[in-house]
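The residues making up each chain are set out below.
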Amino acid sequence: MSKKVTVIHWFRKGLRVHDNPALVKAVDEAINRKAYLRPIFMLDPGIIKWMTVGANRWRFLQETLADLDKNLRKLNTRLYVVRGNPKELFPQLFEKWNVELITFEHDIEPYAVKRDQILLKDAEKFNVEVMIEYSHTIFNPELVIKKNKGSAPMTYQKFLSVASELKVPPPVDNPNKVPKSCEPELDDTEKKCKDCYDVPTLKEMGVNKEELSKTSKFPGGETEALRRMYDKMKQTDYICSFEKPNTSPNSLEPSTTVLSPYLKFGALSARLFYQEIKQAYKGRKHSQPPVSLEGQVIWREFYYCVASVTANFDQMKGNRICAQIPWAHNQSYLDAWKHGATGYPFIDAIMRQLKQEGWIHHLGRHAVACFLTRGDLWINWEEGQKVFEEYLLDADWALNAGNWMWLSASAFFHQYFRVYSPVAFGKKTDPQGLYIKKYVPELKNYPAGVIYEPWKVSLENQKKYGCIIGKDYPHRIVDHDVVMKENLAKMKAAYAKKNSDTSQSEKRKAESPIASSSKKKNSVDKYFKKK
DNA sequence: GGAGCAGTTGGTGCA
DNA sequence: CTGCACCAACTGCTC
């Protein structure tokens, strides 16, 4: 067996060439070992079935892969997109390509952890070396948790103080150019299908073109990510004075950086972004976490860290940090919310922007999330999580679940009596309602004074403005002032129940710690924590 | 162990 | 327009 060996770099997230330590390792090792290099991405047809990914995000991924391939070609290699799932494909590839080493970036998401465990077993079986790098977040969650005596910091401030004691890993240099000798010789079957490793088309991804926005407002890819970031970085005053709560959820163009979709896919390195922010701060007065731009990056770190060690982080049941709240089913409310037909123009405008463009401002997310859950519709946050998962370009598992728990006052945030008004909140930053007019054009002739509350307009004036409520635009599905008060009482009851349950289970534990500790992992954790 | 404090971004009404 | 008390009262962390 004298066949030349292969080094694989497996792209999953981290869809970039810059600051990609696992890719650098693969390139260096391929050169050192005089091996072939194959940077691969796996397109798993199975994933299309169980993951809800809307058309806009499929396109974003497609653009990201195409750009990645382009950037790899500048290094004299390319992206090999292989079709299939890792479980079945890797054993085949290991043999077919005579693989000696595989490198990839660590991922904390539960499905990824499971997937990677299978790979590790296969790698062992086929005697393939594995190198894993932590580069999706600035701080390796495992190191933060170790520093915090074995558990994840549960508040942002705690996370900040723990992280401040850790070294911030700087971005690594781009990989070397790949020598000709590392270019794999194609076998006969590969030669026959010239495009079998090409970046998939939208058609192959099963994207319904009708669901796509006309142009991609935020095109995918590392090149665009870097362009966008450096463009923002030039605006030093903006970077230094950035305070999230003071940015507007309903400006006609985004008031924040919209780098989140790029960070989600790893087309932009969080470590590079962080370094650039610090560079912009140098010698200047600047805002501070949690509201500063630096603070926004740390929020991402925080949620990744907690999510990495919390079982069932994306659901209410079996999630030890999540308040158990008796949410109700209501399909018609949920549909109205999802499709921007609640009858509250501010809420509907945000949901329509989400569906059309794949991005909404963080505070817009707050307004609609509060409305869906504890504020108005009393629907489980998991339902909202699913809709965001489908529509958001930046839908990121840990952040999505974490923020939904925050807004529904299920975890992290507990002042459930602070409720966003679907009428008043938007008025602060857009009294004229221009944002509503853009995304809910039915109401474009409604004057500023009533556009947030069109149900208050007389039928005569509704006719005059060319939009009759209940016909051209829906009646509001709930009366906020009424349901908000009812929901407050329900939240109070749910919290009270939580506390009485906790004290009861603690009593039980005191009586019989062994019996209860064998029952549930949940109580095991608590028992050991007390000690 | 318990009191006191702080918590990315609420709304309302009044001075 | 801005600042402030009030609404009723949560949790996690600190000392």
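Each value, and the rule that gives it
Residues numbered from 1 in each chain as written. Chains lettered and ligands numbered in written order. Predicted model: local features only at pLDDT ≥ 70, side-chain atom pairs only at ≥ 80, totals over all residues. Heavy atoms only, no water. Axes fitted to C-alpha atoms, helices over the stretch in contact; angles between N-to-C directions. Helix = DSSP H or I, 4+ residues; strand = E, 2+ residues; numbered from the N terminus. Parallel < 35°, antiparallel > 145°, perpendicular 65-115°, else oblique. Left-handed = near helix turned anticlockwise from the far one by under 90°. Contact = heavy atoms within 4.5 Å. Near = heavy atom within 4 Å. Polar contact = N/O pair within 3.5 Å; in protein donor to acceptor, adjacent residues only side chain to side chain. Nonpolar A, V, L, I, M, F, W, Y, C, P; charged D, E, K, R; others polar. Salt bridge = Lys/Arg side-chain N within 4 Å of Asp/Glu carboxyl O. Buried < 20%, exposed > 50% of the residue type's maximum accessible area, 1.4 Å probe, protein only. Phe/Tyr/Trp six-rings, centres within 6.5 Å; stacked < 30°, edge-to-face > 60°. Lys NZ or Arg CZ within 6 Å of the ring centre and 35° of its normal. Pairing = 2+ DSSP bridges.

### Quick look at the packing of helix α12 (residues 270–281) against helix α13 (residues 293–309)
For step 1, the next point in the chain: Close contact between α12 and α13 brings their axes to 10 Å; oriented N to C, the two are set at 155 degrees. Viewed along their axes, α12 and α13 adopt a mutual orientation that is roughly antiparallel. In this structure, α12 crosses over α13, and the sense of that crossing is left-handed. On α13, the residues that touch A270, F273, Y274, I277, K278 and Y281 of α12 are L293, E294, V297, I298 and R300.

### Points about the protein's contact with DNA strand C
For step 1, the next point in the chain: If you check the shell around DNA strand C, you find M154, T155, K158, H414, Q415, Y416, F417, K492, Y495, K498 and N499 and nothing else.
For step 2, the next point in the chain: Across the atoms of DNA strand C situated within 4 Å of the protein, the share located in sugar and phosphate is 92%.
For step 3, the next point in the chain: Take K492: an N or O atom from its side chain is 2.2 Å from a phosphate oxygen of DNA strand C.
For step 4, the next point in the chain: Of the residues assigned to the surface near DNA strand C, the class counts are four nonpolar, four polar and three charged.

### Notes on the protein's contact with DNA strand B
For step 1, the next point in the chain: In the vicinity of DNA strand B lie 20 residues, with Q157, P245, H366, V419 and S421 positioned nearest.
For step 2, the next point in the chain: Counting only the atoms of DNA strand B that lie within 4 Å of the protein, the sugar and phosphate share comes to 43%.
For step 3, the next point in the chain: Q157 is positioned such that a nitrogen or oxygen atom in its side chain is 3.2 Å from a phosphate oxygen of DNA strand B.
For step 4, the next point in the chain: Between a phosphate oxygen of DNA strand B and a side-chain N or O atom of R418, the distance comes to 3.4 Å.
For step 5, the next point in the chain: Elements that contribute at least two residues to the surface near DNA strand B include exactly α7 (156–163), α13, α16 (362–375) and α19 (424–427).
For step 6, the next point in the chain: A total of three residues in the surface near DNA strand B trace back to one element, the largest contributor, which is α16.

### Some thoughts on the pattern of salt bridges
For step 1, the next point in the chain: This model, assessed by the stated rule, comprises 32 salt bridges.
For step 2, the next point in the chain: Two residues, D19 and R271, come together in a salt bridge whose shortest N-O distance is 2.7 Å. Of the two residues, D19 sits in the loop between β1 (6–11) and α1 (21–32) while R271 sits in helix α12, which places them 252 residues apart along the sequence.
For step 3, the next point in the chain: For D19, a relative accessible area of 1% puts it in the buried group.
For step 4, the next point in the chain: Look at the salt bridges and you will find they share partners, linking E29, R33, E100 and E129 into a network.

### Details of the packing of aromatic side chains
For step 1, the next point in the chain: By the definition in use, this model includes 35 aromatic pairs.
For step 2, the next point in the chain: With a centroid separation of 5.4 Å and an interplanar angle of 25 degrees, the aromatic rings of F60 and F265 are classed as stacked. Linking F60 in helix α3 (residues 55–74) with F265 in helix α11 (residues 260–265), this pair joins segments that are 205 residues apart in sequence. F265 carries the same exposure label as F60, and that label is buried.
For step 3, the next point in the chain: Between Y416 and Y495 the ring centres are 4.9 Å apart and the planes differ by 55 degrees, which places this aromatic pair in the tilted class. You can see Y416 sitting in the loop between α18 (397–407) and α19 and its partner Y495 sitting in helix α22 (residues 480–511), a full 79 residues away along the chain.
For step 4, the next point in the chain: Note on Y416: relative accessible area 14%, which makes it buried.
For step 5, the next point in the chain: Y495 sits in the buried class, given a relative accessible area of 12%.
For step 6, the next point in the chain: Among the aromatic side chains, those forming a connected cluster through ring pairs are F139, Y156, F159, W299, F302, Y303, W406, F412 and F413.
For step 7, the next point in the chain: Cation over ring: R12 sits above W10, and NZ or CZ is 4.5 Å from the ring centre.

### Examining helix α17 (residues 381–391)
For step 1, the next point in the chain: When you tally the buried positions in α17, you get eight out of 11 residues, the bulk of the element.
For step 2, the next point in the chain: Residues of α17 that are buried: W381, G384, Q385, V387, F388, E389, E390 and Y391.
For step 3, the next point in the chain: Among the residues of α17, the N-terminal cap falls to N380, whose side-chain oxygen and the backbone nitrogen of E382 are separated by 2.8 Å.

### Observations concerning the side chain of T310
For step 1, the next point in the chain: Relative to the helices and strands, T310 is located in the loop between α13 and α14 (331–338).
For step 2, the next point in the chain: Within the structure, the side chain of T310 is placed 2.7 Å from the backbone oxygen of V306, a separation counted as a polar contact.

### Let's talk about the sheet that holds strand β2 (residues 36–43)
For step 1, the next point in the chain: A sheet is described by the order of its strands in space; here five strands give the open sequence β3-β2-β1-β4-β5, paired in parallel fashion. Of all the strands in the sheet, just β3 (80–83) and β5 (129–133) have a single pairing partner and so form its edges. Along the sheet, successive strands turn relative to each other by an average axial angle of 30 degrees, direction set aside.
For step 2, the next point in the chain: Where β1 lies against strand β4 (residues 99–105), five bridges are found, and the strand directions are parallel. Along β4, the bridge assignment pairs T6 with V99.

### With respect to unusual backbone geometry
For step 1, the next point in the chain: Going from P289 to P290, the amide bond is cis rather than trans, its omega being 5 degrees.
For step 2, the next point in the chain: Structurally, the position occupied by P290 is in the loop between α12 and α13.
For step 3, the next point in the chain: Unlike most non-glycine residues, K149 shows phi in positive territory, near 60 degrees.
For step 4, the next point in the chain: Its location among the elements puts K149 in the loop between α6 (141–147) and α7.
For step 5, the next point in the chain: Phi at V258 takes a positive value of approximately 50 degrees, unusual for a residue other than glycine.
For step 6, the next point in the chain: Under the relative-accessibility criterion, V258 is labelled buried at 2%.

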